[in-house]
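Results of the structural survey
Spelled out from the first residue to the last, the chains are:
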Amino acid sequence: MSVTSSQPRRPRSGNRRDEAARLAVLHAADDLLVEHGFGALTVEAIARRAGVAKQTIYRWWPSKVEILLDTLIEDSDKRLPFPTEEPTAESIRGYLRRFARFLARDPAGKVLLALVAQAQHDPDTARSLHERYLGPRRARERDMLVRAVDAGEISPRLGPDIAIDALVGPIVYRALTGSSIPRDLVDTLVEDLLRPRSA
């Protein structure tokens with residue numbers, strides 16, 4: 001006969017182990033991507049680097065793309081946050097400068113560029129990248145611009161969706177082609193697109 005304790009159950013240590021293993025997989029994936037590129041990245045290599053069984057990875061993720069998306073989402077939230085204050089031309093400029101640094105210097109920026117490149121010839125990657133990362137992030141960028149317009153902080157000639165493309169596109173293009181992203185590029189984009197000169 002079993003006795004039921006009235007005390008609350010203690011949390012199982014397995015949850016902590018699972019979280020440690022999950023983080024090890026995410027870190028291994030972006031490290032290996034930076035070291036060897038998307039084409040050479042395999043689930044087997046991620047498992048070896050993370051010190052977990054390959055079956056464990058496949059139980060949590062269906063593909064290496066989904067692993068990379070998880071690490072991209074988590075790292076972007078930490079290292080490429082949106083301005084918390086009411087948006088202005090200056091706070092948008094700051095966000096774009098951080099985005100340029102993210103693409104040029106951060107391992108997660110390399111993950112984003114690799115997924116964008118892979119999405120050009122893999123519809124499944126394109127769909128996941130848009131649904132999980134690009135779409136939600138674009139919605140927040142659009143909201144940032146719309147709120148700045150409503151507050152009278154910026155006066156773009158372009159609508160918010162095209163304005164986002166015009167602001168972000170040149171930065172992504174230079175990063176994809178391995179070119180440097182000069183600081184005055186962001187300054188010029190902000191001045192010309194968000195604060196157009198009077199006729």
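Shown above is the structure to which this text applies.
Below is a short write-up of the structure. Nothing here was measured: the structure is a model prediction, and the numbers come from that model.

Conventions adopted
Residues numbered from 1 in each chain as written. Predicted model: local features only at pLDDT ≥ 70, side-chain atom pairs only at ≥ 80, totals over all residues. Heavy atoms only, no water. Helix = DSSP H or I, 4+ residues; strand = E, 2+ residues; numbered from the N terminus. Buried < 20%, exposed > 50% of the residue type's maximum accessible area, 1.4 Å probe, protein only. Contact = heavy atoms within 4.5 Å. Areas by Shrake-Rupley, 256 points an atom, 1.4 Å probe, with all protein chains shown as cover. Axes fitted to C-alpha atoms, helices over the stretch in contact; angles between N-to-C directions. Parallel < 35°, antiparallel > 145°, perpendicular 65-115°, else oblique. Nonpolar A, V, L, I, M, F, W, Y, C, P; charged D, E, K, R; others polar. Expected span 1.5 Å × (residues − 1). Arc of directions from axis to C-beta. Phe/Tyr/Trp six-rings, centres within 6.5 Å; stacked < 30°, edge-to-face > 60°. Lys NZ or Arg CZ within 6 Å of the ring centre and 35° of its normal. Core = buried A, V, L, I, M, F, W, Y, C linked by side-chain atoms within 4.5 Å. Left-handed = near helix turned anticlockwise from the far one by under 90°. Lys, Arg positive; Asp, Glu negative; His and termini not counted. Salt bridge = Lys/Arg side-chain N within 4 Å of Asp/Glu carboxyl O.

Our next topic: the overall build of the chain. When helices and strands are tallied, the chain shows nine helices and zero strands. Ordered by position from the N terminus, the helices and strands of the chain form the series α-α-α-α-α-α-α-α-α. With 199 residues in all, the chain has 41% of them scored as buried. Contacts in the chain between residues far apart in sequence, at least 24 positions, make up 61% of those at least 6 positions apart. When the accessible surface of the chain is totalled, it reaches about 11,700 Å², and 52% of it is carbon and sulfur.

Moving on, we come to the packing of helix H4 (residues 64-79) against helix H7 (residues 123-150). Contact pair H4 / H7: the axes reach a minimum separation of 10 Å and the direction vectors enclose 10°. Here H7 runs roughly parallel to H4, going by the angle between their axes. Within the contact between the two elements, H4 uses Val65, Glu66, Leu69, Asp70, Leu72, Ile73 and Ser76 and H7 uses Thr125, Ser128, Leu129, Arg132, Tyr133 and Arg137. Grouping the constituent residues of the contact of H4 with H7 by class yields six nonpolar, three polar and four charged.

Here we take up the environment of Gly51. Here Gly51 lies in the loop between helix H2 (43-50) and helix H3 (54-60). Taking the C-alpha atoms as reference points, Gly51 and Ala24, separated by 27 residues in sequence, lie 7.8 Å from one another.

Moving on to helix H9 (residues 183-194). Look at H9: 17 Å from first C-alpha to last across 12 residues, which is about the 16 Å you get at 1.5 Å a residue. Of all the residues in H9, the buried ones are Leu185, Val186, Leu189, Val190, Leu193 and Leu194. All buried residues of H9 project into a common sector of 130° when viewed along the axis, lining one side. The inward-facing, buried residues of H9 contact helix H5 (89-105) and helix H8 (160-176).

This next bit is on the packing of aromatic side chains. Scanning the model with the defined rule gives two aromatic pairs in all. Ring centres of Trp60 and Trp61 lie 5.7 Å apart, and the angle between their planes is 80°; on these two criteria the pair is classed as edge-to-face. When the ring of Phe82 is compared with that of Tyr95, the centres are 5.0 Å apart and the planes differ by 15°; the resulting orientation is stacked. Here Phe82, found in the loop between H4 and H5, pairs with Tyr95, found in helix H5; they are 13 residues apart in sequence, far enough to count as distant. For the pair formed by Phe82 and Tyr95, the shared burial category is buried. The residue whose ring lies beneath Lys64 is Phe38, and the NZ or CZ to ring-centre distance is 4.1 Å.

Bringing the nonpolar core into the picture now. Ile46, Ile57, Leu96, Leu103, Leu112, Leu115 and Ile171 are the most contacted members of the largest nonpolar core, which has 60 residues in total. Secondary-structure elements contributing two or more residues to this core are helix H1 (13-36), H2, H4, H5, helix H6 (107-119), H7, H8 and H9. Among all residues touching Leu103, those that are not within four sequence positions of it are Gly109, Lys110, Leu112, Leu113, Ile171, Val172 and Ala175.

As a further point, take the packing of H4 against H6. Two elements in contact, H4 and H6, have axes separated by 9 Å at closest approach and are oriented at 135°. It follows that H4 is oblique to H6 by the angle criterion. Here H4 runs over H6; the crossing is left-handed. Across from Val65, Leu68, Leu69, Thr71, Leu72, Asp75 and Arg79 in H4, the residues of H6 making contact are Ala108, Val111, Leu112 and Leu115.

The subject of this paragraph is the side chain of Lys64. With respect to the helices and strands, Lys64 occurs in helix H4. Look at Lys64: it is buried, it has no salt bridge, and the nearest opposite charge is Asp122 at 8.7 Å. With sequence-adjacent residues up to four places away left out, Lys64 is seen in contact with Phe38, Gly39, Leu41 and Val43.

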